[in-house]
Amino acid sequence: VGRTENWFSRERAAAFAVLRDDGRTLDELEISVRTGKLYRWWYLAGHDPLYAHLRGNPRFQALDAQARQHIVRQRTLLEEMRRKGAVPRRAE
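Residues numbered from 1 in each chain as written. Predicted model: local features only at pLDDT ≥ 70, side-chain atom pairs only at ≥ 80, totals over all residues. Heavy atoms only, no water.

1. Some words on the overall build of the protein chain
The line we're drawing: Secondary structure follows DSSP: runs of H or I at least 4 residues long count as helices, runs of E at least 2 residues long count as strands, and numbering of each begins at the N terminus. Values of the radius of gyration come from C-alpha atoms, whereas the globule rule sets the reference at 2.2 Å times the count of residues to the power 0.38. Partly exposed residues are those whose accessible area sits between 20% and 50% of the maximum for their type, while under 20% is buried and over 50% is exposed, using a 1.4 Å probe and protein chains only. In this description, contact between two residues means that some pair of their heavy atoms is separated by no more than 4.5 Å. Calculation of accessible area relied on Shrake-Rupley with a 1.4 Å probe; when residues are assessed, cover is drawn exclusively from the protein chains displayed. Positive: Lys, Arg. Negative: Asp, Glu. His and the chain ends are not part of the count. Each charge is placed at NZ for Lys, CZ for Arg, CG for Asp and CD for Glu.
Each helix and strand in the protein chain was counted, giving 4 helices and 0 strands. Reading the protein chain from its N end, one meets helices and strands in the order α-α-α-α. For 92 residues, the compact-globule estimate of 2.2 N^0.38 gives 12 Å, and the C-alpha radius of gyration of the protein chain, at 16 Å, exceeds that figure by more than 25%. Dimensions of the protein chain, computed from the C-alpha atoms along their principal axes, are close to 50 × 35 × 20 Å. Evaluated residue by residue, the protein chain yields a buried proportion of 29% over its 92 residues. Long-range pairs, those at least 24 residues apart, make up 49% of the contacts in the protein chain between residues at least 6 apart in sequence. As displayed, the protein chain has an accessible area near 6,600 Å², and 54% of this comes from carbon and sulfur atoms. Each charge sign in the protein chain was given a centre, from 18 positive and 12 negative side chains, and these centres are 5 Å apart.

As structure tokens, then:
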């Protein structure tokens, strides 16, 4: 029992961003994307001022693209489950 090796990759990325260690920030964000720690990615990539200076970085942009592709795949799976009746449609 315990945390996985990269449990705090997002938190480490934030710490490295504060220190302006862009290489290590991107390394940790890469781990985060690779291991599926994509919670609130939409905010991190598009709005979080901590990462504003990285938004024009090709490596950051590639990570954002990977995260967005993951979201599209997850939404597709959810819609498929809804069509099959395994998940109810959202009340409007």
